[in-house]
Structures are given as structure tokens and as C-alpha cells.
Amino acid sequence: MKQSILIISLLSVSFLFTPNAFAASSEVTWTDYKSYRDIDPGNEGRKQFRERTFKDLEKHFAKLASNLPEDHTLKIDVTDVDLAGDTNAAGINRTRIIKQLYSPRMNFSYQLLNAKGEVVKSEDVVIRDMNFMSGRLKYRNTSLPYEKKMLDDWFESTFNELIVSK
């Protein structure tokens, strides 16, 4: 009996932390990723690093899109990525070194579609955060913290009038 109450309680709590089913969705396309400026893994395997990085950024785009009106779709076509830091500055060890000189940058185009598939908003975007090392770091204990903060800033300034408060 106690076990079933515990399981029901855990399931109830897990529903509180799942994304809103009535929020917008996102679709991310990675165009010509082999020509991106800097998606260098350092000592890690290229494919594994790239897949993990893309998956992490896709999750972040989905999180951002969840703040948009329901039945909308945010389609993103990423054409270039330059991660914060540089692996060439590390010498033989090939570790990513983060310095103010190596700011994050991303090029992409997006379309926000309504429930009927009509384009509500679209644009070609080039974002770069030259001040990425100043201020408070929101994603301190996650991967790609500077890129996520940069995307948050872009999202808020681009979709401010459409953001749904939860």
C-alpha cells in the first residue's frame, strides 16, 4: 500500500516538471554542419561531441519555444555555430579554453508558424555575445552556458510581445 502511494506521489510530482503540452513546439535543422566555424570537440570524438552539442541546443530551443503561444511552431535552420572559447589556444591538450576574445556566435534563420501553418514572424539572424563573460551566468552548471544565455537574450528581444506567461 505504501509503495503504491509513493509511486502515485512520484508520478504526480513528475507531471509538474514536464513541459506544457499546450505550448509551441520547435524544429531545428543543422545545415551544412561540417562548415561551421567552431564546433571542435578538443580531445573528444567529433561525432559524439557534435551530436551531444546539437541535442543540447535543440532542447534549449524547445524550452524557449514552450514560452510561445500554443499551436505555434518555431522552425530554426542553423547555418553556423562558433562556440565560446577555442580549442586551438590550448596547445597539445586540445581542451576548450574560454577567454573574452573567443565569444559565442550563431547564424540561423527562423520561422514562427501559427496553427494554420502561416508565417507569423521570420528572419535571418546573426547573434554574437561579445560580453559573454560579464554579468551573471544563468547556466553555470550546464553545458554550453554562454550559448544558452545568448539564445535566451535573442529569444526575449525577438519574441517579447508573444511570450506567454505561465
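Cut-offs and rules
Residues numbered from 1 in each chain as written. Predicted model: local features only at pLDDT ≥ 70, side-chain atom pairs only at ≥ 80, totals over all residues. Heavy atoms only, no water. Pairing = 2+ DSSP bridges. Helix = DSSP H or I, 4+ residues; strand = E, 2+ residues; numbered from the N terminus. Core = buried A, V, L, I, M, F, W, Y, C linked by side-chain atoms within 4.5 Å. Buried < 20%, exposed > 50% of the residue type's maximum accessible area, 1.4 Å probe, protein only. Salt bridge = Lys/Arg side-chain N within 4 Å of Asp/Glu carboxyl O. Axes fitted to C-alpha atoms, helices over the stretch in contact; angles between N-to-C directions. Parallel < 35°, antiparallel > 145°, perpendicular 65-115°, else oblique. Left-handed = near helix turned anticlockwise from the far one by under 90°. Contact = heavy atoms within 4.5 Å. Nonpolar A, V, L, I, M, F, W, Y, C, P; charged D, E, K, R; others polar.

1. Re the pairing of strand β4 (residues 119-128)
Regular strands place side chains that alternate from one sheet face to the opposite one. By the bridge criterion, 9 bridges tie strand β3 (residues 105-113) to β4 in an arrangement that is antiparallel. Note that in β4 the partner of Y110 across the bridge is E123. Linkage of β3 to β4, two consecutive antiparallel strands, is achieved through a turn of 5 residues, within which G117 is found at a positive phi near 85 degrees.

2. A short note on the nonpolar core
In this structure, L74, V78, M106, F108 and W154 are the most contacted members of the largest nonpolar core, which totals 29 residues. Listing elements by their share of this core, those giving two or more residues are β1 (25-30), α2 (46-65), β2 (73-82), β3, β4 and α3 (145-159).

3. Describing the pattern of salt bridges
Side chains that differ in sign of charge can pair as their charged atoms come close. On inspection of all chains with the given rule, the structure shows 8 salt bridges. The shortest N-O distance in the salt bridge between R96 and D38 comes to 2.8 Å. Here the residue R96 occupies a position in the loop between β2 and β3, and D38 occupies one in the loop between β1 and α2, the gap between them amounting to 58 residues. R96 sits in the partly exposed class, given a relative accessible area of 23%. Judged by relative accessible area, D38 falls into the buried class, the value being 8%. For D56, the salt bridge is made with K148, and the minimal N-O distance between the two is 3.2 Å. Within this pair, whereas D56 is found in helix α2, its partner K148 is found in helix α3, the two being separated by 92 residues in sequence. Comparing D56 with K148 shows no difference in burial state: the two are buried.

4. Digging into the packing of α2 against α3
Following both chains from N to C, one finds α2 and α3 inclined at 30 degrees, their axes separated by 11 Å at the closest point. As judged from the angle between their axes, α2 and α3 are roughly parallel. Between α2 and α3 the crossing geometry is right-handed. Packed against α2, whose contacting residues are D56, L57, H60, F61, L64 and A65, the element α3 presents E147, K148, L151, D152, W154 and F155 at the interface. Broken down by class, the residue content of the contact of α2 with α3 amounts to 7 nonpolar, 1 polar and 4 charged.

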